Amino acid sequence: MKRKRRAENVTEETLPVAVSSGENASAPTITGAPEPPSKPIELPSTADLERELEREQGRTRMRRIVRGTFFVLIAVAAVAVLVATLFLPVLVVHGSSMTPTLHDGEMVVSVRGSQYHQGDVIAFYYNNSILVKRVIATEGQWVDINEDGVVRVDGQVLDEPYVDQLALGTCDIELPYQVPEGRIFVMGDHRTTSIDSRTSEIGCIDEDDVVGDIVFRFWPLDNFGLV
């Protein structure tokens, strides 16, 4: 009796094979094979690094310069505004009460001070406005004006070359008039039209209301100069 040979199970590990159709269908391709090595990375040279570092440092310096310049300009502008507001206010003349010395639309600069004298042209606050007039007398002095508009202070006739035509103008105060303490008697150079300390409506102004002494005119340019 013949003995049957026992079949052995044999397993074989193979790589997965993909078969393509077409002419190359008989040529198997192997998937999962390792990729060829990539091109090696080229590192920058020391000279390139130094140049890039210099460029970056240059950009940093430029940013610092721009920031510094910007802050300086802001500081200068702030100081200019502060000085203009507190010490050198710029004013625009409105009206004709100060002609021929000042005319409508002219721009002037005033200087704050602690004392104002006869003949000074000053700006002062009145009813939320700023008026410009000339100082005629200060506290304690006596002011008198006759029918022809001749002004006397403490009995002395004022020499007023800045006035084109003398006139009593609008005057409802009792003359002679003594200037109260801490007050200033002011009049416009255009005596006919100016409303000033000759009227009880305005009266003498408080020294604390004075904006400043008008020192020079800068506009228009053809009239640039001291007032």
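Residues numbered from 1 in each chain as written. Predicted model: local features only at pLDDT ≥ 70, side-chain atom pairs only at ≥ 80, totals over all residues. Heavy atoms only, no water.

## Focus: the side chain of arginine 198
Alright, step 1. Within the secondary structure layout, arginine 198 lies in the loop between strand S11 (183–187) and strand S12 (205–206).
Alright, step 2. One polar contact links the side chain of arginine 198 to the main-chain carbonyl oxygen of serine 194, over a distance of 3.2 Å.
Alright, step 3. Within the local environment of arginine 198, its side chain forms a polar contact with the side chain of aspartate 196, the two groups lying 2.8 Å apart.
Alright, step 4. The contact partners of arginine 198, leaving out residues within four places of it in the chain, are Ile145, Ala167, Leu168, Gly169, Thr170, Cys171, Asp172, Ile173, Phe185, Met187 and Arg191. (Helix = DSSP H or I, 4+ residues; strand = E, 2+ residues; numbered from the N terminus. Polar contact = N/O pair within 3.5 Å; in protein donor to acceptor, adjacent residues only side chain to side chain. Contact = heavy atoms within 4.5 Å.)

## Re the pairing of strand S13 (residues 210–219)
Alright, step 1. In this structure, strand S4 (residues 107–111) lies alongside S13, joined through 5 bridges in antiparallel fashion. Opposite methionine 107, over in S13, you have tryptophan 219 as the bridge partner.
Alright, step 2. In terms of strand pairing, strand S5 (residues 121–126) meets S13 through 3 bridges, oriented antiparallel. Counterpart to phenylalanine 124 in the pairing with S13 is valine 210.
Alright, step 3. As consecutive antiparallel partners, S13 and strand S14 (residues 225–226) are separated by 5 residues. (Pairing = 2+ DSSP bridges.)

## Quick notes on the confidence of the model for the protein
Alright, step 1. Residues with a pLDDT of 70 or more make up 74% of the protein, whose mean pLDDT is 80.
Alright, step 2. A low-confidence stretch, residues 1–27 stays under pLDDT 50, and its non-local contacts, those more than four residues away or across chains, total 11 contacts. (pLDDT = per-residue confidence, 0-100.)

## Focus on a nonpolar patch on the surface
Alright, step 1. Taken together, the side chains of Met62, Ile65 and Val66 define a hydrophobic patch exposed on the protein surface, amounting to about 300 Å² of accessible area.
Alright, step 2. Residue position: isoleucine 65 is located in helix H1 (residues 46–86).
Alright, step 3. The exposed category is assigned to isoleucine 65, whose relative accessible area is 51%. (Patch = residues over 30% accessible without salt bridge, like charges linked within 9 Å, V, L, I, M, F, W, Y side chains within 5 Å. Areas by Shrake-Rupley, 256 points an atom, 1.4 Å probe, with all protein chains shown as cover. Salt bridge = Lys/Arg side-chain N within 4 Å of Asp/Glu carboxyl O. Buried < 20%, exposed > 50% of the residue type's maximum accessible area, 1.4 Å probe, protein only.)

## Thoughts on unusual backbone geometry
Alright, step 1. A cis amide bond, omega 5°, links threonine 99 with the succeeding residue proline 100.
Alright, step 2. Secondary-structure assignment places proline 100 in the loop between strand S3 (90–92) and S4.
Alright, step 3. Note the cis peptide between leucine 175 and proline 176, where omega equals -5°.
Alright, step 4. If you check the backbone angles, asparagine 128 has positive phi at about 65° while not being a glycine.

## A short note on the pairing of strand S6 (residues 129–138)
Alright, step 1. Relative to S6, S5 runs antiparallel, the two being bridged by 6 bridges. Within S6, the position partnered with valine 121 by the bridge is arginine 134.
Alright, step 2. As paired elements, S6 and S11 share 4 bridges and run antiparallel to each other. Bridge pairing in S11 links threonine 138 to isoleucine 184.

## Digging into a negative patch on the surface
Alright, step 1. A cluster of acidic residues, Glu139, Glu181, Glu207, Asp208 and Asp209, forms a negative patch at the surface.
Alright, step 2. Under the relative-accessibility criterion, aspartate 208 is labelled exposed at 69%. (Lys, Arg positive; Asp, Glu negative; His and termini not counted. Charge placed at Lys NZ, Arg CZ, Asp CG, Glu CD.)

## Examining the nonpolar core
Alright, step 1. In this structure, Ile136, Val143, Val151 and Phe185 are the most contacted members of the largest nonpolar core, which totals 13 residues.
Alright, step 2. Going through the elements one at a time, S6, strand S7 (142–145), strand S8 (151–153) and S11 are the ones with two or more residues in this core.
Alright, step 3. When sequence neighbours within four positions are dropped, the list of residues in contact with isoleucine 136 reads Gln118, Val151, Val153, Leu158, Glu160, Phe185, Val186, Met187 and Arg191.
Alright, step 4. Within the second largest apolar cluster, 10 residues are counted, among which are Leu91, Val93, Leu102 and Val132. (Core = buried A, V, L, I, M, F, W, Y, C linked by side-chain atoms within 4.5 Å.)

## Some details on the packing of aromatic side chains
For any pair of aromatic rings, geometry is given as the distance between the ring centres together with the angle between the planes.
Alright, step 1. In this structure the tally under the stated criterion is 2 aromatic pairs.
Alright, step 2. Ring geometry for tyrosine 177 versus phenylalanine 185: centroids 5.9 Å apart, planes at 50°, classification tilted.
Alright, step 3. Looking at tyrosine 177, the relative accessible area reads 22%, which means it is partly exposed.
Alright, step 4. Judged by its relative accessible area of 0%, phenylalanine 185 falls in the buried class. (Phe/Tyr/Trp six-rings, centres within 6.5 Å; stacked < 30°, edge-to-face > 60°.)

## Considering the sheet that holds S8
Alright, step 1. The strand order S9-S8-S7-S10 describes an open sheet built from 4 strands, whose pairing is antiparallel. The open sheet is flanked by strand S9 (156–157) and strand S10 (177–178), the only strands paired with a single partner.
Alright, step 2. In terms of strand pairing, S7 meets S10 through 2 bridges, oriented antiparallel. Paired with valine 143 across the two strands is tyrosine 177, which belongs to S10.

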